[in-house]
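Observations on the model geometry
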Number of protein chains: 2
Amino acid sequence: MFNKVKIAVDAMGGENSPKKILDGIKISLKKNNDCFFYLYGNSEIISKHINGDKSLLDNCEIIDAKGEIQDNESPLKAAKRGKDSSMWKVIESQKENKSDISLSAGNTGALLVISRLVLNTIKGINKPALAALWPNNKDMNVVLDLGANIECDEKNLTDFACMGAALSKSLFNKNTPKVALLNVGLEEIKGNDVLKKTFQILKESKVKDFEFCGYIEGNQMMDGNIDVIITDGFTGNIALKTAEGTANFIAKNFKKSLSKLSLLLSYSSLKKFKEKLDPRKYNGAIFLGLESAVVKSHGSTDAVGFAHSIDVCRKIVHAKLIEKIKSHLITVDD
Amino acid sequence: MFNKVKIAVDAMGGENSPKKILDGIKISLKKNNDCFFYLYGNSEIISKHINGDKSLLDNCEIIDAKGEIQDNESPLKAAKRGKDSSMWKVIESQKENKSDISLSAGNTGALLVISRLVLNTIKGINKPALAALWPNNKDMNVVLDLGANIECDEKNLTDFACMGAALSKSLFNKNTPKVALLNVGLEEIKGNDVLKKTFQILKESKVKDFEFCGYIEGNQMMDGNIDVIITDGFTGNIALKTAEGTANFIAKNFKKSLSKLSLLLSYSSLKKFKEKLDPRKYNGAIFLGLESAVVKSHGSTDAVGFAHSIDVCRKIVHAKLIEKIKSHLITVDD
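To start, this report covers the structure provided alongside it. Quick caveat, the model's predicted, so the values are computed rather than measured.

1. Focus on the overall build of chain A
- In terms of helices and strands, chain A carries 13 helices and 11 strands.
- Each principal axis of the C-alpha atoms in chain A carries an extent, and together these give about 60 × 60 × 40 Å.
- Relative to its full complement of 334 residues, chain A shows a buried share of 58%.
- At a minimum sequence separation of 6, the contacts of chain A that also span at least 24 residues come to 73%.
- For chain A, the exposed area adds up to about 14,400 Å²; of that, 50% sits on carbon and sulfur atoms.

2. Considerations on the interface of chain B and chain A
- Counting residues at the interface gives 50 residues for chain B and 49 residues for chain A.
- Surface buried jointly by chain B and chain A totals about 4,400 Å² across both partners, of which 72% is contributed by carbon and sulfur atoms.
- Broken down residue by residue, the surface that chain B buries against chain A is led by Phe234, Phe249 and Phe254 of chain B, which jointly contribute 16%.
- Applying the counting rule to chain B against chain A returns 2 salt bridges.
- Seen at the junction of chain B and chain A, the total is 6 residue pairs in polar contact (both at pLDDT 80 or more).

3. Topic: the sheet that holds strand E5 (residues 129-135) of chain B
All names here are of chain B.
- What the 11 strands build is an open sheet, ordered E3-E2-E1-E4-E11-E10-E5-E6-E9-E7-E8; its pairing is mixed. A strand with exactly one partner marks an edge of an open sheet, and here the two such strands are strand E3 (60-64) and strand E8 (211-216). Going from strand to strand, the sheet's axes swing by 25° on average, the running direction of each strand aside.
- Pairing geometry for E5 and strand E6 (residues 140-144), over 5 bridges, is antiparallel.

4. With respect to the packing of helix H5 (residues 86-95) of chain B against helix H6 (residues 108-118) of chain B
Residue and element names in this part refer to chain B.
- Relative orientation of the contacting elements H5 and H6 amounts to 35°, with a least axis distance of 10 Å. Considering the relative orientation of H5 and H6, their crossing is right-handed. Of the residues in H6, those touching H5 at Met87, Trp88, Ile91, Glu92 and Lys95 are Ala110, Leu111, Ile114, Ser115, Leu117 and Val118.
- Of the residues belonging to the contact of H5 with H6, the class tally is 8 nonpolar, 1 polar and 2 charged.

5. Looking at the state of the cysteines
- One pass over the structure, following the stated rule, counts 0 disulfides over all chains.
- Note on Cys152 of chain A: no disulfide assigned, nearest cysteine sulfur contributed by Cys162 of chain A at a separation of 14 Å.
- Taking the relative accessible area as the measure of exposure, Cys152 of chain A reaches 14% and is therefore buried.
- Summary of cysteine pairing: Cys35 of chain B is not part of a disulfide, and the nearest cysteine sulfur, belonging to Cys313 of chain B, is at 7.9 Å.

6. A short note on helix H6 (residues 108-118) of chain A
- Buried within H6 of chain A are the following residues: Ala110, Leu111, Leu112, Ile114, Ser115 and Val118 of chain A.
- Among the structural elements, helix H4 (75-81), helix H5 (86-95), strand E4 (101-104), strand E5 (129-135), strand E10 (285-288) and strand E11 (294-296) of chain A are those in contact with the buried residues of H6 of chain A.

7. Things to note about the side chain of Asn149 of chain A
Residue and element names in this part refer to chain A.
- Assignment of secondary structure puts Asn149 in the loop between strand E6 (140-144) and helix H7 (154-172).
- Residue Asn149 is classed as buried on the basis of its relative accessible area of 6%.
- Among all residues touching Asn149, those that are not within four sequence positions of it are Lys127, Pro128, Ala129, Phe160, Asp232, Gly233 and Phe234.

8. Topic: a nonpolar patch on the surface
- Residues Leu261, Leu264 and Leu265 of chain A together with Leu261, Leu264 and Leu265 of chain B make up a contiguous nonpolar surface patch of roughly 610 Å² in combined accessible area.
- Looking at the nonpolar patch, the elements that each hand over two or more residues are helix H10 (260-265) of chain A together with helix H10 (260-265) of chain B.
- In this fold, Leu265 of chain A is placed in helix H10.

9. So, the relation of the copies chain B and chain A
- For the pair chain B and chain A, the best superposition has an RMSD of 0.0 Å and corresponds to a rotation of 180° with a translation of 0.0 Å parallel to the axis. Read as a symmetry element, the transformation amounts to a two-fold axis. Minimal C-alpha separation from the rotation axis in chain B is found for Ser262 of chain B, amounting to 2.2 Å.

10. Details of the pattern of salt bridges
Residue and element names in this part refer to chain A.
- With the rule as written, the count across this model stands at 36 salt bridges over all chains.
- Notably, a salt bridge pairs Asp227 with Lys174, separated by 3.4 Å at the nearest N-O pair. With Asp227 in the loop between strand E8 (211-216) and strand E9 (228-230) and Lys174 in the loop between H7 and strand E7 (178-182), this residue pair connects regions lying 53 residues apart in the sequence.
- With a shortest N-O distance of 3.8 Å, Glu187 and Lys190 are connected by a salt bridge.
- Taking the relative accessible area as the measure of exposure, Glu187 reaches 44% and is therefore partly exposed.
- Ionic contacts of the salt-bridge type, sharing partners, join the residues Lys19, Asp23, Lys26 and Asp53 into one network.

11. Some details on empty space enclosed by the protein
Residues and elements named next belong to chain A.
- Taken as a whole and assessed by the stated rule, the structure comprises 1 cavity of 30 Å³ or more.
- Volume-wise, the largest cavity comes out at about 60 Å³.
- Contributing to the lining of the largest cavity are Asp10, Met12, Gly13, Gly14, Glu68, Ile69, Asp71, Ser86, Met87, Gly106 and Asn107.
- Looking at the lining of the largest cavity, its residues break down into 3 nonpolar, 5 polar and 3 charged.

12. Brief notes about the sheet that holds E9 of chain A
Residue and element names in this part refer to chain A.
- Taken in spatial order, the 11 strands line up as E3-E2-E1-E4-E11-E10-E5-E6-E9-E7-E8 in an open sheet, and their pairing is mixed. Two strands in the sheet have a free side with no partner beyond their single neighbour: strand E3 (60-64) and E8. Averaged over neighbouring strand pairs, the angle between their axes works out to 25° when direction is ignored.
- As defined by bridge partners, strand E2 (residues 35-41) adjoins E3 across 5 bridges and the pair is classed as parallel. In the strand pairing of E3, Tyr38 is matched with Glu61.

Basis of the calculations
- Residues numbered from 1 in each chain as written.
- Chains lettered and ligands numbered in written order.
- Predicted model: local features only at pLDDT ≥ 70, side-chain atom pairs only at ≥ 80, totals over all residues.
- Heavy atoms only, no water.
- Helix = DSSP H or I, 4+ residues; strand = E, 2+ residues; numbered from the N terminus.
- Buried < 20%, exposed > 50% of the residue type's maximum accessible area, 1.4 Å probe, protein only.
- Contact = heavy atoms within 4.5 Å.
- Areas by Shrake-Rupley, 256 points an atom, 1.4 Å probe, with all protein chains shown as cover.
- Buried area = accessible area lost by both parts, 1.4 Å probe.
- Salt bridge = Lys/Arg side-chain N within 4 Å of Asp/Glu carboxyl O.
- Polar contact = N/O pair within 3.5 Å; in protein donor to acceptor, adjacent residues only side chain to side chain.
- Pairing = 2+ DSSP bridges.
- Axes fitted to C-alpha atoms, helices over the stretch in contact; angles between N-to-C directions.
- Left-handed = near helix turned anticlockwise from the far one by under 90°.
- Nonpolar A, V, L, I, M, F, W, Y, C, P; charged D, E, K, R; others polar.
- Disulfide = S-S within 2.5 Å.
- Patch = residues over 30% accessible without salt bridge, like charges linked within 9 Å, V, L, I, M, F, W, Y side chains within 5 Å.
- Least-squares fit on C-alpha atoms with pLDDT ≥ 70 in both.
- 1 Å grid on protein atoms, 1.4 Å probe; cavity = no way out; pocket = protein on both sides within 12 Å on 5 of 7 lines; lining within 4 Å.
- Points joined across faces, edges and corners; volume = space filled by probe spheres on them.

Keep in mind these values describe shape, not function.
Written as structure tokens, this is what we have:
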């Protein structure tokens with residue numbers, strides 16, 4: 001067990017928990033038997049669902065936590081009253097070095113607030129950011145911030161660039177990830193003051209950990225030419241949700257246009273399309289900038305999606321992401 | 001001619017001009033013979049392309065303007081040296097009350113800058129905004145600002161709401177358009193200070209010209225429940241381009257997944273899909289807030305797309321959009 005990745009799991013967070021959590025762990029264990037899971041939550045309910053399964057019994061330890069954070073609870077209220085919750089205990093287990101990384105499918109806002117309350121930020125970073133995986137024509141890339149920080153300055157965006165590059169290396173083995181700033185045009189004079197200042201800092205930093213490629217526009221995010229896309233949390237959240245809405249709209253309208261026979265004839269290739277763009281594969285947003293990474297699984301994903309977020313945890317710990325972030329940081333004068 | 005809508009047209013702007021401009025006018029004249037066109041540009045080239053066509057000769061007047069603004073020219077440079085350009089002359093013709101509305105498929109940035117230099121803003125409006133048509137599950141809606149103003153305050157966003165509502169009434173005959181602010185969540189406490197202040201102003205204004213529906217998130221923009229979506233130009237530009245990129249990405253991947261036989265079998269229904277989402281139908285961004293509206297056609301659209309933007313011009317003039325905007329404005333204390 002001592003060589004295994006120790007993951008603190010919120011067994012009660014998200015829809016269909018703890019069943020989907022346990023099924024996700026089983027899928028993960030079959031594929032990579034290199035993790036050990038600390039399951040936080042109602043021990044009676046969890047035990048009942050484990051139901052004597054040997055792989056789970058061998059690779060999990062249950063830690064009783066009776067409190068629960070609701071999905072629709074306000075983050076601040078949840079943080080205030082939730083010290084006995086499975087989510088809080090999960091984050092605390094990192095503080096105590098019991099686990100290497102935390103994973104929850106519960107209330108995102110509460111998870112961010114509790115993580116910030118319990119864990120220290122990495123020295124030199126003021127604001128942690130939420131990063132997500134974004135599909136593109138070649139494979140997938142990283143985008144941050146997705147909503148943790150509504151307002152950001154040039155120091156924050158520079159930190160996001162360094163953290164995003166470290167994440168891209170950790171997850172995709174990119175040696176020198178290409179980093180760009182999301183903007184409304186490609187010319188140096190485009191955008192607001194914060195973007196222009198960040199552009200100058202990154203351009204002049206002569207950083208070797210990643211390649212700064214200037215600005216990128218919204219319609220190029222899926223081209224696959226950039227590995228790490230940097231934006232403030234407001235813009236990132238709007239972009240992510242607009243992309244989700246558009247993808248659903250187009251796919252629905254396209255499918256509606258096909259005859260039943262056509263759908264049948266293309267069954268296997270449409271399955272491939274669905275597999276390629278399966279949102280479960282992109283499951284696992286990563287909260288970066290704290291002394292330990294916190295991974296957020298989508299609340300409505302299933303066991304397969306949850307297994308993908310376990311894989312994100314594995315890769316992050318194996319790649320020593322936190323060390324990478326520390327060594328990548330660029331000093332910005334306040 | 002005196003009862004006709006008088007449109008000042010930049011005959012030289014955009015790809016394949018003036019051919020596509022003239023072909024677009026011909027399409028429009030066949031459908032609605034209620035416009036007269038002042039064509040600004042190189043008179044020899046335009047005459048050659050008109051080539052004796054009777055419908056064009058009857059409904060157009062050529063005004064020679066030898067200068068041209070290039071598509072890749074910086075807007076400020078173009079405005080500085082472009083006083084003899086077809087684009088400048090088009091805008092000037094509104095100043096002189098020669099025409100009711102202006103239409104160009106040329107350089108967007110230059111068009112915005114020249115329009116602001118030549119035309120006055122409507123009294124009470126500080127910043128004009130660029131509005132576009134956005135497809136949704138029911139029909140289409142209006143989104144603004146799409147990039148004219150990188151930074152906006154609560155007064156600007158409130159003006160955008162009033163102008164957008166007037167546009168929605170003019171184009172879609174909506175009696176009481178539903179208006180919402182684009183944000184990262186639906187709760188009143190979400191978003192930045194400017195959004196929260198705008199929310200309060202619109203909530204308390206008891207306006208009767210439109211219904212204020214609070215916030216909307218990026219993934220709901222295509223649901224078709226909101227007629228007018230308000231955002232600053234930075235966020236709006238990112239959202240628009242992200243939606244474009246996502247739509248292309250999904251449609252391309254989906255189509256690639258279909259067998260040739262399936263595509264053949266569904267030929268006619270796929271044609272319907274393409275027709276429904278044909279970007280030419282959404283062609284025509286509207287620059288709002290000046291004493292006269294300026295319509296921007298996409299530079300790369302064809303004659304059919306250009307005819308759609310003529311239709312936008314017609315509807316705006318018939319509906320007396322500028323009067324509607326004036327009567328809709330909400331006073332915001334500075």
